[in-house]
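# Structural description and commentary
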Amino acid sequence: MDTEHLIRTLAADQDWRSRPAGAWLTVGLICAGALSSMIFMMTLRVRPDFMAATHNPFFDLKFAVTLSLAIPAIVVGLRLARPAAPLGWRGWLLVLPVVLLAGGVAVDLSMPQRLSWGARLVGSNSRVCLVAIPALSLPVLAAALVGLRHGAPTRPALAGAVAGLLSAGLAATLYASHCPDDSPLFVATWYTLATALVTAAGALAGARLLRF
Amino acid sequence: MIAIRLRNNVREGANGYVGTQLSGRDSEWTDLMRSADAGDTIAYHRLLKAVTPVMRAATRRGLARAGQPVDQAEDIVQEILLAVHLKRHTWDNTAPFAPWLFAIARNKLIDALRRRGRRVFVNIDDFAEVLPGDPVEDTVPPGEVASHLESLPPRQRDVLQSIAVESASIKETASKLSMSEGAVRVALHRGLASLASRLRGT
């Protein structure tokens, strides 16, 4: 087929309008979020003292950290799905959870506490954390990759990694309401490790699935 | 290592191009693409025709820099055009069109070079007898789209065959294949999308 013919054919298909990646991502994240929440409620569930725990600033900080990871990652991911669109200030948003967590750790270490810092870091639930966050993030990661596939990420591994960050952030938000460990030291260690696993998986999957 | 160096070369090549050649055409292309977005098929056709020679030149240059035969450019040009078509909704119509176009083209060129690089190394013995004797034509007629066309589901293949190869309109194709015009449009779009995915080998 010569190029002239191809061009005419593409022009004939001109009135087909694809929906933006943002629309796919929104619908996908809602569905996957619902699925992950269902799995969460059937297996781990919200911790029994949830209402009382909300008075503990360290408990609340967990949600601030996970959401300040997930929401900027959505913004950055959508930007990466547009060729030649500079990231600009958006990339800096991803520093937010790091700053919040570092602040939390500093306060945690500076306060006199019942348990030693080592015990707070190791916590009581680290293995569950390392399994639950990646497991709960899988449906979300799949949805995020499908959504980004409707865009045109020219850096597929990076876009996949950001999809990993956003899904780990959302999964960790769910898990945080179950997790009995509230110390920022615990969060900085185990949540970060779990997030790194999901991010690496996202980068690997993205490099294969997000090419267009 | 080789792949990384290749990528850098291509990046530089295409970037250089944006800087030197495009500033004048850019606003014309952007206007055409905005009209196309608003539903103007003629503007869209004109835009594709206008960008094709520039894509061809950039592709030949990229192939030359990567040490690949430049006469293979047309297949890559067609792949770029398909990607431009299928991904045009990712262009922000308040931004200039050329940087977006070149980002897409660069991406497709890198992909094509990676694939070709591998294929050339694997098959070099197969071609050894044929290549040296034959005079190299300026441009090899593109064959990849046509060969993938054969492997499409029958409906999509018939519709594409009719519109792309036999130059029939959507209306003529619909009556010839006794389909509704809507069904022809759907088969056309799906056919183009599956062509693009077959070309990239996924």
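What follows concerns the overall build of chain A. Looking only at helices and strands, chain A has nine helices and zero strands in total. Reading chain A from its N terminus to its C terminus gives the helix and strand order α-α-α-α-α-α-α-α-α. Projected onto the principal axes, the alpha-carbon positions of chain A cover approximately 75 × 35 × 25 Å. The buried share of chain A, reckoned over its 212 residues, is 48%. Counting only contacts in chain A whose residues sit at least 6 apart along the sequence, the fraction spanning at least 24 positions is 84%. The centroid of the 16 positive side-chain charges in chain A is displaced by 3 Å from the centroid of its 9 negative side-chain charges.

Across its full length, chain B carries nine helices and zero strands. Starting at the N terminus and ending at the C terminus, chain B contains elements arranged as α-α-α-α-α-α-α-α-α. Counting the 202 residues in chain B, one finds 46% classified as buried. Across chain B, the fraction of contacts at a sequence separation of at least 24, relative to all contacts at a separation of at least 6, is 68%.

Let us look at the pattern of salt bridges. Applying the stated criterion across every chain, the model contains 14 salt bridges over all chains. The partner of A:Glu4 in a salt bridge is B:Lys49, with the nearest N and O atoms 3.0 Å apart. Of this pair, A:Glu4 sits in helix α1 (residues 3-12) while B:Lys49 sits in helix α3 (residues 41-65), each in a different chain. By sharing partners, the salt bridges in this structure join A:Arg47, A:Asp49, A:Lys62 and A:Asp182 into a single network.

Where interface size is given, it is often the accessible area lost as the parts come together that is meant. Residues and elements named next belong to chain B. In terms of domain boundaries, chain B breaks down into domain 1 (2-128) and domain 2 (144-199). Listed as interface residues are nine residues of domain 1 and, on the opposing side, eight residues of domain 2. If you look at where domain 1 meets domain 2, you find zero salt bridges. Taken together, the connections running from domain 1 to domain 2 amount to two residue pairs in polar contact (both at pLDDT 80 or more).

Where nonpolar side chains cluster on the molecular surface, the patch consists of A:Trp89, A:Trp92, A:Val95, A:Val98 and A:Val99 and spans about 590 Å² of accessible area. By the secondary structure assignment, A:Trp89 is in the loop between α4 (57-80) and α5 (96-110).

Residues and elements named next belong to chain A. For the pair helix α7 (residues 126-149) and helix α9 (residues 184-209), the least separation of the axes is 9 Å and the interaxial angle reads 35 degrees. For the pair α7 and α9, the crossing hand works out as right-handed. Between α7 and α9, the contacting residues are Ser 126, Cys 129, Leu 130, Ile 133, Pro 134, Ser 137, Leu 141, Leu 145 and Arg 149 on the first element and Phe 186, Trp 190, Tyr 191, Leu 193, Ala 194, Leu 197, Val 198, Gly 202, Ala 205, Gly 206 and Leu 209 on the second. By residue class, the composition of the contact of α7 with α9 is 15 nonpolar, four polar and one charged.

On the chain B side, the residues contacting the 31 residues of chain A number 49 residues. Counting each side, the surface lost to burial between chain A and chain B is near 3600 Å², with a carbon and sulfur contribution of 57%. Counting the contacts that link chain A with chain B gives four salt bridges. Between A:Arg17 and B:Asp37 there is a salt bridge; the shortest N-O distance is 3.7 Å. At the surface where chain A touches chain B, the tally comes to 21 residue pairs in polar contact (both at pLDDT 80 or more).

Quick look at the packing of α1(A) against helix α7 (residues 154-165) of chain B now. At a closest axis distance of 8 Å, the pairing of α1(A) and α7(B) adopts a crossing angle of 115 degrees. Each of A:His5, A:Arg8, A:Thr9 and A:Ala12 in α1(A) lies in contact with α7(B), whose residues at this interface are B:Leu160, B:Ile163, B:Ala164 and B:Val165. Of the residues assigned to the contact of α1(A) with α7(B), the class counts are five nonpolar, two polar and one charged.

With that out of the way, let us pick up the side chain of B:Asp111. Tracing the sequence through the fold places B:Asp111 in helix α5 (residues 97-128). Leaving out residues up to four positions away in the same chain, B:Asp111 has contacts with A:Arg211 and A:Phe212.

A separate point is the packing of aromatic side chains. Residue and element names in this part refer to chain A. All chains considered together, the criterion is met by seven aromatic pairs over all chains. Aromatic pair Phe 59 and Phe 63: ring centres 5.2 Å apart, planes at 70 degrees, arrangement edge-to-face. Taken together, the residues span about one helical turn, with Phe 59 and Phe 63 both in helix α4 at a distance of four residues. With relative accessibility at 0%, the residue Phe 59 sits in the buried group.

Residue and element names in this part refer to chain B. Summing up the model confidence of chain B, the mean pLDDT is 81 and the portion of residues at 70 or higher is 76%. Below a pLDDT of 50 lies the segment residues 1-22, which in the model reaches 26 contacts outside its immediate sequence neighbourhood of four places, other chains included. For residues 120-137, every residue scores under 50 in pLDDT, and the model assigns this stretch four contacts once sequence neighbours within four places are set aside. Interface confidence for the predicted complex, expressed as ipTM, amounts to 0.90; the pTM equals 0.86.

The rules behind the values
- Residues numbered from 1 in each chain as written.
- Chains lettered and ligands numbered in written order.
- Predicted model: local features only at pLDDT ≥ 70, side-chain atom pairs only at ≥ 80, totals over all residues.
- Heavy atoms only, no water.
- Helix = DSSP H or I, 4+ residues; strand = E, 2+ residues; numbered from the N terminus.
- Buried < 20%, exposed > 50% of the residue type's maximum accessible area, 1.4 Å probe, protein only.
- Contact = heavy atoms within 4.5 Å.
- Lys, Arg positive; Asp, Glu negative; His and termini not counted.
- Charge placed at Lys NZ, Arg CZ, Asp CG, Glu CD.
- Salt bridge = Lys/Arg side-chain N within 4 Å of Asp/Glu carboxyl O.
- Domains from an automatic or database assignment.
- Polar contact = N/O pair within 3.5 Å; in protein donor to acceptor, adjacent residues only side chain to side chain.
- Patch = residues over 30% accessible without salt bridge, like charges linked within 9 Å, V, L, I, M, F, W, Y side chains within 5 Å.
- Areas by Shrake-Rupley, 256 points an atom, 1.4 Å probe, with all protein chains shown as cover.
- Axes fitted to C-alpha atoms, helices over the stretch in contact; angles between N-to-C directions.
- Left-handed = near helix turned anticlockwise from the far one by under 90°.
- Nonpolar A, V, L, I, M, F, W, Y, C, P; charged D, E, K, R; others polar.
- Buried area = accessible area lost by both parts, 1.4 Å probe.
- Phe/Tyr/Trp six-rings, centres within 6.5 Å; stacked < 30°, edge-to-face > 60°.
- pLDDT = per-residue confidence, 0-100.

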